[in-house]
Structures are given as structure tokens and as C-alpha cells.
Amino acid sequence: DARVTQTPRHKVTEMGQEVTMRCQPILGHNTVFWYRQTMMQGLELLAYFRNRAPLDDSGMPKDRFSAEMPDATLATLKIQPSEPRDSAVYFCASANFNTGELFFGEGSRLTVL
Amino acid sequence: GENVEQHPSTLSVQEGDSAVIKCTYSDSASNYFPWYKQELGKRPQLIIDIRSNVGEKKDQRIAVTLNKTAKHFSLHITETQPEDSAVYFCAAKTGGGNKLTFGTGTQLKVEL
């Protein structure tokens, strides 16, 4: 059963620290997304990649967030420096461009104190 | 860009009753409309989807209808059961990419 894998599942850190979240998309999926979920904002798209190239990161605060795909099996989302308002669940999702269905990972729950 | 509105934000029904959740979208070029179910503490999972060349699709107790002219689509759950309790998200995808814009979610509670 192919799944999107995210690490860490939970992260508690102090304001100002760097946070790195990792995602392994489903093998063969060429589109990868980062979503942020909060109670107030629902599911917000932060960034997405197709064939490892960034297509849209307009939802991401550029001054502190960065997203990369060093290779086809790894996507990363970094926050530096982290702030309490970044506390949320961050979901990675992958899709095959032709079928369109998104498969979500289990999420990384981030708490910034 | 695409804007998706979803109503209601919360919905409480009695077991066995039907539940309907409605969404509207803004981009007439959108052509794919999935619905995701998210149980507490879990990831969103696809339950049904519909493409713009189809007006209705059904899968056992769930169905989705699409009105392209009015730019709205709805999720219908019949004979609701307690395990249907969850947050449901609608979404819309504009052609040319896989970017999904999600609605704000509906908390469905099925009461015994």
C-alpha cells in the first residue's frame, strides 16, 4: 500500500529555531504539494512542485519559509526562524499529474513556543 | 485564482438521515472536483470525485452533483452512520496543473 511518508510526526520547538520537515512522495508521483492546516485557515497551499521544479509558492511567506526537492524521493519544507504563529499541521501530498488524485501524508504537527 | 466556498461549516444529523454539503467555485476553467474526508487527527482522504464532463456520480451511500452553469457542486450522504462523523473538504482544480484549492471544511456530526 503506497503512502506518502512525512517526518517528523510531531515537533515542539522554541521561537527562533530552525524547523525542517521532510516528505517522501509515492514512487512515480511527479507532483508534490505542501499544505498547512490550522483551525482558522483550513487547508492552505504553501508550495507545489512538478517533476521537482517549483511551480507555485505564492502561499508561502518567503522571508522565513523555503521548500525544495533535492531529488524525486524527497521534498523538504524549512522554517527559519520559526514563530509561534507557524504552529499548525503541515501536510505533504503527492499526485500523478495525469490522474490528479492527491494522496496526503499523515502530517507533521508543529508547535512553536 | 480559484476561490472555493463551502457551507455549512458544521452539520449535525441523526443517524439514518441524509447530509448535504455544498460548495461553489469561481474559476469556470476548473474541471476536477474531489471531496476529502478527514477524521480527527488523521490525514484527508479522497472519498469521491467528479470531472466537469459529468453531472452526477454515485458510490454506495455517497454521491456528488455538479452544476457547471451555476459553478456549484454538492456532496450527498444517505443513511448516515456514526463513522461518517468527520470534517469534509471540497476542492476544485483548474486545468493545466494539479493545484487544488480547498473549501474551508464542514464538520459533520452523526448523532445516535
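Rules used in this analysis
- Residues numbered from 1 in each chain as written.
- Chains lettered and ligands numbered in written order.
- Predicted model: local features only at pLDDT ≥ 70, side-chain atom pairs only at ≥ 80, totals over all residues.
- Heavy atoms only, no water.
- Helix = DSSP H or I, 4+ residues; strand = E, 2+ residues; numbered from the N terminus.
- Rg over C-alpha atoms; globule rule 2.2 N^0.38 Å.
- Phe/Tyr/Trp six-rings, centres within 6.5 Å; stacked < 30°, edge-to-face > 60°.
- Buried < 20%, exposed > 50% of the residue type's maximum accessible area, 1.4 Å probe, protein only.
- 1 Å grid on protein atoms, 1.4 Å probe; cavity = no way out; pocket = protein on both sides within 12 Å on 5 of 7 lines; lining within 4 Å.
- Points joined across faces, edges and corners; volume = space filled by probe spheres on them.
- Nonpolar A, V, L, I, M, F, W, Y, C, P; charged D, E, K, R; others polar.
- Pairing = 2+ DSSP bridges.
- Axes fitted to C-alpha atoms, helices over the stretch in contact; angles between N-to-C directions.
- Contact = heavy atoms within 4.5 Å.
- Buried area = accessible area lost by both parts, 1.4 Å probe.
- Salt bridge = Lys/Arg side-chain N within 4 Å of Asp/Glu carboxyl O.
- Polar contact = N/O pair within 3.5 Å; in protein donor to acceptor, adjacent residues only side chain to side chain.

Participant: Whenever I open this one, the overall build of chain A confuses me. Can you help?
Facilitator: From N to C terminus, chain A includes zero helices and 11 strands. N-terminal to C-terminal, the α/β element order of chain A is β-β-β-β-β-β-β-β-β-β-β. Relative to the globule expectation of 13 Å for 113 residues, the C-alpha radius of gyration of chain A, 13 Å, shows essentially globular dimensions. With the principal axes as the frame, chain A shows a C-alpha extent of 40 × 30 × 25 Å.

Participant: For this particular structure, what's the right way to read the packing of aromatic side chains?
Facilitator: When we look at a pair of aromatic rings, we describe it by the centre distance and by the angle of the planes. A complete count under the given rule lists 13 aromatic pairs over all chains for this structure. Ring plane angle 65 degrees and centroid distance 6.1 Å describe the contact between Phe104 of chain A and Phe102 of chain B, whose orientation is recorded as edge-to-face. With Phe104 of chain A in strand S10 (residues 103–104) and Phe102 of chain B in strand S10 (residues 100–102), this pair bridges two chains. Here Phe104 of chain A matches Phe102 of chain B in class, with each residue buried.

Participant: Where do I start with the layout of surface pockets in this structure?
Facilitator: Take a probe with the size of a water molecule and roll it over the atoms, and the empty space left behind shows itself. Residues and elements named next belong to chain A. Volume-wise, the largest pocket comes out at about 790 Å³. The element that contributes the greatest number of residues to the lining of the largest pocket is strand S11 (residues 108–112), accounting for four residues. Among the residues making up the lining of the largest pocket, the classes are represented as 11 nonpolar, 18 polar and five charged. In this structure, the second largest pocket encloses a volume near 310 Å³.

Participant: Explain the pairing of strand S3 (residues 19–24) of chain A to me, please; I cannot follow it from the model alone.
Facilitator: The side chains of a regular strand alternate between both faces of the sheet. Residue and element names in this part refer to chain A. Note: strand S1 (residues 5–7) against S3, three bridges, orientation antiparallel. Along S3, the bridge assignment pairs Gln6 with Cys23. Examined bridge by bridge, S3 and strand S8 (residues 74–79) share five bridges and lie antiparallel to one another. When the sheet's bridge partners are listed, Thr20 is paired in S8 with Lys78.

Participant: Before we go on, may I ask you to explain the sheet that holds strand S7 (residues 62–67) of chain B in this structure?
Facilitator: Strand pairs in the sheet, formed through backbone hydrogen bonds, run parallel or antiparallel to each other. All names here are of chain B. Pairing in this open sheet of five strands is antiparallel, and the strands run S1-S3-S8-S7-S6 from one edge to the other. Where the open sheet ends on each side, the last strands, each with one partner, are strand S1 (4–7) and strand S6 (56–59). Here the strands of the sheet are splayed against their neighbours by 15 degrees on average, with no regard to which way each runs. Here six bridges tie S7 to strand S8 (residues 72–77), and the two strands are oriented antiparallel to one another. Across the sheet, residue Val64 finds its bridge partner in S8, namely Leu75.

Participant: Just checking my understanding: could you explain the interface of chain B and chain A for this structure?
Facilitator: The extent of an interface is frequently quoted as the accessible surface area lost upon association of the parts. Taken together, the contact between chain B and chain A spans 15 residues of the former and 21 residues of the latter. Taken together, both faces of the contact between chain B and chain A bury some 1,700 Å²; the carbon and sulfur share is 53%. By the criterion of area lost to chain A, the three top residues of chain B are Arg43, Asn98 and Lys99 of chain B, representing 41% of everything that side buries. Where chain B meets chain A, there are two salt bridges. Of the charged contacts in the structure, one is a salt bridge between Asp56 of chain A and Lys99 of chain B, with a shortest N-O distance of 2.8 Å. The interface formed by chain B and chain A holds five residue pairs in polar contact (both at pLDDT 80 or more) in total.

Participant: How should the pairing of strand S5 (residues 45–51) of chain B be read in this particular structure?
Facilitator: Residue and element names in this part refer to chain B. The pairing of strand S4 (residues 30–38) with S5 spans six bridges and is antiparallel. Paired with Tyr36 across the bridge in S5 is Leu46. What sits between the antiparallel neighbours S4 and S5 is a turn of six residues, in which Gly41 has the positive phi angle 75 degrees.

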